[in-house]
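Chain residues, written in single-letter form:
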Amino acid sequence: MRVRGRLTWARRSRAGAAVAAVLAAVLTPAVLPRASAAAGAAAAGTPVCQVRDDRLRELSGMVATDDGYVVVNDGADDEARRRIFFLDKRCAVVRAVAFPSRPRDTEDLAIGRDGTVWVADIGDNDHSRPTIAVWRLAPGSDEPVLHRMTYPDRPHDAEALLLDASDRPLVITKGGSGTVFLYAPTAALRPGATTPLASVGQVTLPTTSTSNPFSFLGRGVITGAASAPDGHRVVLRSYADAFEYDVPDGDVVRALTTGTPRITPLPDEPQGESVTYSRDGRSLLTVSESADQPAGTWPTILRYPATDGPATAARPTGSAASALPTLVRPIAEDATGPVGRTWLLAAGAGVLLALLGLAGVLRWRHTARR
């Protein structure tokens, strides 16, 4: 007969240690690839204004202008939200420009040297789009112009767009484990044509510990980007932090791939997918989606001081990069959703199964004695 009883304190201790080991084994690959970083104090941003318009619940891109802001929504399911919205300095909508055809998934904005607004129609949660696109809205125009592009390898989910010194667009993939990839057109963009993209580099993000709704997953993805008005700095943002790179010679790709970023924590923003510089370049401005927030929550533009002085992030070493587990990169690039819902579900299911298996083994060992 089997004798049933409670686990002793020693057995519970061993079980706890085993659980910790399982969790460490599951979570460590996601954070090992990136070097540690020192960041500034994690202080909340200063509110600038609230966007009180029901059409603007899923803000994913923003640029600052002399008169206010320009914003776009994430996705394109609701027709009323498929607009380029112009806001005044109090965040009130003063103009909305419709697209001549339906965009797929608008994720970011950039503004050119001549004031042209670039809309990045580059989101692809399912990794299934044969092409991505940018829309260009010239100053004073009422109709943006579509330019299609295609990746050289496979579809990627992306949420960030930068312009280089010549207004060439640079697409930054969303990533998932702290490494993101850069793509640029191989030729001038033309309406009605599809321009091939080329891979031009990759960026490994520093590790931080900034609190955010998605924990370590939120620190390893890029959800927005912006260039300073003078072109001498660019910033990438995750759900947790802003990473600023100096661009002394106008070469944005080299700055991102070889530079060391300064870090501004963006703690506990609900779902931060937008970043831009103030017109004087002294501040970073962010805004979050509010679609899944409690009733009465409006998107709020927040202001953070732009960083200055020497970089604070430790550069990733060659040994750290060479030690990457072989499964980390595919997981990062095949993730879907706000921070890779597929990756999150798979990791959660793996942890649950491991814990259930461990509990079963411990119980069997305890009760199988005669």
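Residues numbered from 1 in each chain as written. Predicted model: local features only at pLDDT ≥ 70, side-chain atom pairs only at ≥ 80, totals over all residues. Heavy atoms only, no water.

**Re the overall build of the protein chain**
Summing up its helical and strand segments, the protein chain has six helices and 20 strands in all. Burial status across the protein chain gives 50% buried among its 370 residues. A separation threshold of at least 6 residues defines the contact pool for the protein chain, and within that pool the share at least 24 residues apart is 58%. In the form shown here, the protein chain has an accessible surface area of approximately 16800 Å², with 55% of it arising from carbon and sulfur atoms. (Helix = DSSP H or I, 4+ residues; strand = E, 2+ residues; numbered from the N terminus. Buried < 20%, exposed > 50% of the residue type's maximum accessible area, 1.4 Å probe, protein only. Contact = heavy atoms within 4.5 Å. Areas by Shrake-Rupley, 256 points an atom, 1.4 Å probe, with all protein chains shown as cover.)

**Section: the sheet that holds strand β9 (residues 145-150)**
Spatially, β6-β7-β8-β9-β13-β12-β11-β10 is the arrangement adopted by the eight strands of the open sheet, whose pairing is mixed. The outermost strands of the open sheet, each flanked by one partner alone, are β6 (106-111) and β10 (158-163). Ignoring strand direction, the axes of neighbouring strands in this sheet form an average angle of 30 degrees. Where β9 and strand β13 (residues 194-204) come together, three bridges link them in parallel fashion. Across the sheet, residue Arg-148 finds its bridge partner in β13, namely Thr-194. (Pairing = 2+ DSSP bridges. Axes fitted to C-alpha atoms, helices over the stretch in contact; angles between N-to-C directions.)

**A short note on the nonpolar core**
The biggest cluster of nonpolar side chains holds 21 residues, and the ones touching the most others in it are Leu-162, Leu-170, Ile-172, Leu-236 and Leu-256. Of all the secondary-structure elements, those providing two or more residues to this core are β10, β11 (169-173), β12 (179-185), β15 (233-237), β16 (241-246) and α3 (252-258). By residue number, the principal contributor to this core is α3, which donates four residues. Filtering out sequence-adjacent residues up to four positions away, Leu-170 remains in contact with Ala-160, Leu-161, Leu-162, Leu-182, Tyr-183, Ala-184, Val-200, Val-252, Val-253 and Leu-256. Counting 16 residues, the second-largest nonpolar core is a separate cluster that includes Tyr-151, Phe-181, Tyr-183 and Leu-197. (Core = buried A, V, L, I, M, F, W, Y, C linked by side-chain atoms within 4.5 Å.)

**Notes on unusual backbone geometry**
Unlike most non-glycine residues, His-127 shows phi in positive territory, near 50 degrees. Structurally, His-127 is set in the loop between β7 (117-121) and β8 (132-137). The phi angle at Ser-215 is positive, at roughly 55 degrees, despite the residue not being glycine. Secondary-structure assignment places Ser-215 in helix α2 (residues 215-218).

**Observations regarding the sheet that holds strand β2 (residues 59-64)**
With antiparallel pairing, four strands are arranged side by side in an open sheet as β2-β3-β4-β5. Since the sheet does not close on itself, it has two edges, and those belong to β2 and β5 (93-98), each with one partner. Taking the axes of each pair of neighbouring strands and ignoring which way they run, one obtains an average angle of 20 degrees across the sheet. Pairing analysis gives four bridges linking strand β3 (residues 68-73) to strand β4 (residues 83-88), with the strands arranged antiparallel. What sits directly across from Val-71, in β4, is Phe-85.

**Description of the side chain of Thr-173**
Mapped onto the secondary structure, Thr-173 falls in strand β11. On the basis of relative accessibility, which here comes to 0%, the residue Thr-173 falls in the buried class. Of the polar contacts made by the side chain of Thr-173, one reaches the backbone nitrogen of Phe-181; its length is 2.9 Å. (Polar contact = N/O pair within 3.5 Å; in protein donor to acceptor, adjacent residues only side chain to side chain.)

**Focus: the confidence of the model for the protein chain**
Taken over all residues, the pLDDT of the protein chain has a mean of 80, while the share at 70 or more is 72%. Scored below 50 in pLDDT, residues 1-38 shows 60 contacts in the model against residues more than four places distant or in partner chains. Scored below 50 in pLDDT, residues 314-346 makes 59 contacts in the model with residues more than four places away or belonging to other chains. (pLDDT = per-residue confidence, 0-100.)

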